[in-house]
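Architecture and fold: a report
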Amino acid sequence: MTTGIKDVTRPLDAASVMALLPGRPRVLALGEPTHLEETLLDVRNELFRQLVEREGYRAIALESDCLRGLVVDDHVTSGVGALDEVMERGFSHEWGALEGNRELVRWMRDHNAGRPADEQVRFTAFDSPTEITHAESPRQALMALHGYLAAHVDAALLPCGADTLDRLIGADERWSDQGAMRDPSRSVGRSPEAAELRLLADDLVALLDAQTPHLLAATAQDDWDRARLYGRAAVGLLRYHAHLAGTGPARMLRLLATRAAVMAANLLAFAERRPTFVFSHNLHLTPAAGTMRMEQGPVRWWSAGALVRARLGADYAVLATAVGTIRHHGVDTPPAGTVEGLLHAMPEDRFLVDARGLAAALAGAPPAARESPYFGYFPLDPAHLDLIDGLVFVRGLPRA
């Protein structure tokens, strides 16, 4: 069996990745099986540098708050802000504290310095402004979208003034109450004010769409793109808050599906402008139904990757990552009958695998699923080998 696997392995570099694909996809995704592991960020950073320098990729998208990501993009393109401030303000999920992300931002700024705008590499974040425990206030997105439109369209077309939005939003703290995740009654997502804001957000986005020819002529493309991002974030956030205030067995499914829809919409928008390299959890990027065990039982929803693949087809390519050991989390040498165990038997520490070739080689002996010893680690589902284009294997992760 090892001989058959050897036939579908490749060096882990951009040239080998592109050789697996029929052409350069608009969106090339690299997943990770767990977060906060610096070794996986090192692998990502090196592959991204090669994709930029050799394959023409011009953007990276990370699983972080899409609004915060604008701070990072301003820094890497124009040098706005000190690096420490950018790392603190420009990332959600505590990603800014990771050295691998700091190194990525530093490299992008150095790469872009002195280059014309059309040759620069852009930073994007594609996650919704939500955390596991709560969601943000819609203030930033709504006020920014309103401000853009107020500056460039006839005031009579606006559905309301900024003062109305400010009054309806109220105190930001009431939106971000962490107790609302476990107690829907604490959420403001179905209050009369929130309901009115959802209608106004819809009207603002509709106005943005209706005025597209004028706005593209009157403003920079980047400004219009950002206004669209504000619109997606505002509508998605208000929908998320409404589901946060809901009850019933489908509540968590609706929350997860709403987040996935925002992720997918952001990725599709980014892909319109430039070839984009995406880095996130395997769970979000694999074009399959996501599955997570919650307190009320397993929840299944269509992942962002599934939504994007449905729209882009072969223009969305996915590399999942599998690891052998994460000993500081109790992930020891993988069982021989799992995908990770079969790859762990290879002599190399890091390599690329033709996923569909591996699936064919294992057709007579389907691998077992590996068990996860802790919540944050999701081993590769063997059933997904036919859905992904490549598999990155990393033998072991040292203690973070």
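Here we summarise the structure given alongside this text. Note that the structure is predicted; figures quoted are calculated from it, not measured.

As a further point, take the overall build of the protein chain. For the protein chain, the count of helices and strands is 16 helices and 10 strands. Its C-alpha radius of gyration of 22 Å places the protein chain within 12% of the 21 Å reference for a compact globule of 400 residues. The C-alpha extent of the protein chain, read off along each of the three principal axes, is 70 × 55 × 35 Å. Counting only residues that meet the buried cut, the protein chain has 56% of its 400 residues in that class. For the protein chain, the share of sequence-separated contacts (at least 6 apart) that also reach a separation of at least 24 residues comes to 77%. Surface accessibility of the protein chain: about 16900 Å² in total, with carbon and sulfur atoms responsible for 52%. Looking at charge distribution, the protein chain has the averaged site of its 41 positive side-chain charges lying 3 Å from that of its 52 negative ones.

Turning our eyes to something else, we now look at the packing of helix H11 (residues 221-244) against helix H12 (residues 251-273). Orientation of H11 relative to H12, taken along the N-to-C sense of each, is 175°, at an axis distance of 9 Å. Our classification of the angle between H11 and H12 gives roughly antiparallel. Every residue of H12 that contacts H11 at Gln221, Asp222, Asp225, Arg228, Leu229, Arg232, Gly236, Arg239, Tyr240, His243 and Leu244 is listed here: Arg251, Arg254, Leu255, Thr258, Val262, Ala265, Asn266, Ala269, Phe270, Glu272 and Arg273.

On to the nonpolar core, then. Membership of the largest hydrophobic core comes to 46 residues, with the highest contact counts inside it found for Leu28, Phe48, Met108 and Phe123. Per element, the largest residue contribution to this core is seven residues, and it comes from helix H3 (residues 38-55). Once you skip the residues sitting within four places of it in the chain, Leu28 turns out to touch Val17, Leu21, Leu51, Tyr57, Thr276, Phe277, Val278, Ala317 and Leu319. One finds Met263, Ala304, Leu358 and Phe393 within the second-largest nonpolar core, a separate group that totals 35 residues.

Okay, a positive patch on the surface next. Side chains of Arg190, Arg198, Arg239 and Arg254 sit close together on the surface and give a patch of like positive charge. Mapped onto the elements, Arg198 comes out in helix H9 (residues 192-210). Given a relative accessible area of 35%, Arg198 falls into the partly exposed group.

A word on the sheet that holds strand S2 (residues 27-32). Two pairing modes exist for strands in a sheet, parallel and antiparallel, and in both the strands are linked by backbone hydrogen bonds. Strand order in the open sheet made by the eight strands is S1-S9-S10-S8-S2-S5-S3-S4, with mixed pairing throughout. Strands with a single pairing partner mark the edges of an open sheet, and in this sheet they are strand S1 (9-10) and strand S4 (122-127). Sheet topology places strand S3 (residues 59-65) next to strand S5 (residues 276-281); four bridges connect them, and they run parallel. Bridge pairing in S5 links Ala59 to Thr276. Running at roughly 170° to S4, helix H4 (residues 69-78) makes contact with S3 and S4 of the sheet. Here helix H6 (residues 99-112) sits on the sheet and contacts S3 and S4; the angle it forms with S3, its principal contact strand, is near 140°.

Time to look at H6. The end-to-end C-alpha distance of H6, which contains 14 residues, comes to 20 Å, matching closely the 20 Å that a straight helix rising 1.5 Å per residue would cover. All buried positions along H6 are accounted for by Gly100, Asn101, Leu104, Val105, Trp107, Met108, His111 and Asn112. Buried residues in H6, looked at end-on, bunch into an arc of 165°, giving them a common side. In the core, the buried residues of H6 are packed alongside H3, S3, H4, helix H5 (83-89) and S4. Of the residues one or two after H6, Gly114 is the one with positive phi, at around 85°.

Inspection of the secondary structure assignment puts Thr276 in strand S5. In this structure, Thr276 is in contact with Arg26, Val27, Leu28, Tyr57, Ala59, Ile60, Ala61 and Phe270, ignoring residues within four places of it in sequence.

Scanning the entire structure with this criterion turns up six aromatic pairs. Seen from their ring centres, Phe48 and Trp107 are 5.9 Å apart, and the 75° between their planes marks the pair as edge-to-face. Remark: Trp107 occurs in helix H6 and Phe48 occurs in helix H3; sequence separation between them is 59 residues. By relative accessible area, which is 0% here, Phe48 ends up buried. Between the aromatic rings of Phe375 and Phe378, the centroid separation amounts to 6.3 Å while the plane-to-plane angle is 70°, which identifies the pairing as edge-to-face. With relative accessibility at 57%, the residue Phe375 sits in the exposed group.

Let's shift gears to the pattern of salt bridges. Applying the stated criterion to the full structure yields 22 salt bridges. The salt bridge partner of Asp84 is Arg102, with a shortest N-O separation of 2.4 Å. Of the two residues, Asp84 sits in helix H5 while Arg102 sits in helix H6, which places them 18 residues apart along the sequence. For Asp84, a relative accessible area of 52% gives the class exposed. Look at Arg102 and you get partly exposed, because its relative accessible area is 21%. Here Arg139 ties to Asp172 by a salt bridge, and the two come within 2.9 Å at their closest N and O atoms. One end of the pair, Arg139, is in helix H7 (residues 139-152); the other, Asp172, is in the loop between helix H8 (162-169) and H9, and 33 residues separate them in sequence. Owing to a relative accessible area of 30%, Asp172 belongs among the partly exposed residues under this scheme.

Calculation rules
- Residues numbered from 1 in each chain as written.
- Predicted model: local features only at pLDDT ≥ 70, side-chain atom pairs only at ≥ 80, totals over all residues.
- Heavy atoms only, no water.
- Helix = DSSP H or I, 4+ residues; strand = E, 2+ residues; numbered from the N terminus.
- Rg over C-alpha atoms; globule rule 2.2 N^0.38 Å.
- Buried < 20%, exposed > 50% of the residue type's maximum accessible area, 1.4 Å probe, protein only.
- Contact = heavy atoms within 4.5 Å.
- Areas by Shrake-Rupley, 256 points an atom, 1.4 Å probe, with all protein chains shown as cover.
- Lys, Arg positive; Asp, Glu negative; His and termini not counted.
- Charge placed at Lys NZ, Arg CZ, Asp CG, Glu CD.
- Axes fitted to C-alpha atoms, helices over the stretch in contact; angles between N-to-C directions.
- Parallel < 35°, antiparallel > 145°, perpendicular 65-115°, else oblique.
- Core = buried A, V, L, I, M, F, W, Y, C linked by side-chain atoms within 4.5 Å.
- Patch = residues over 30% accessible without salt bridge, like charges linked within 9 Å, V, L, I, M, F, W, Y side chains within 5 Å.
- Salt bridge = Lys/Arg side-chain N within 4 Å of Asp/Glu carboxyl O.
- Pairing = 2+ DSSP bridges.
- Expected span 1.5 Å × (residues − 1).
- Arc of directions from axis to C-beta.
- Phe/Tyr/Trp six-rings, centres within 6.5 Å; stacked < 30°, edge-to-face > 60°.

Distances and angles like these do not, on their own, reveal function.
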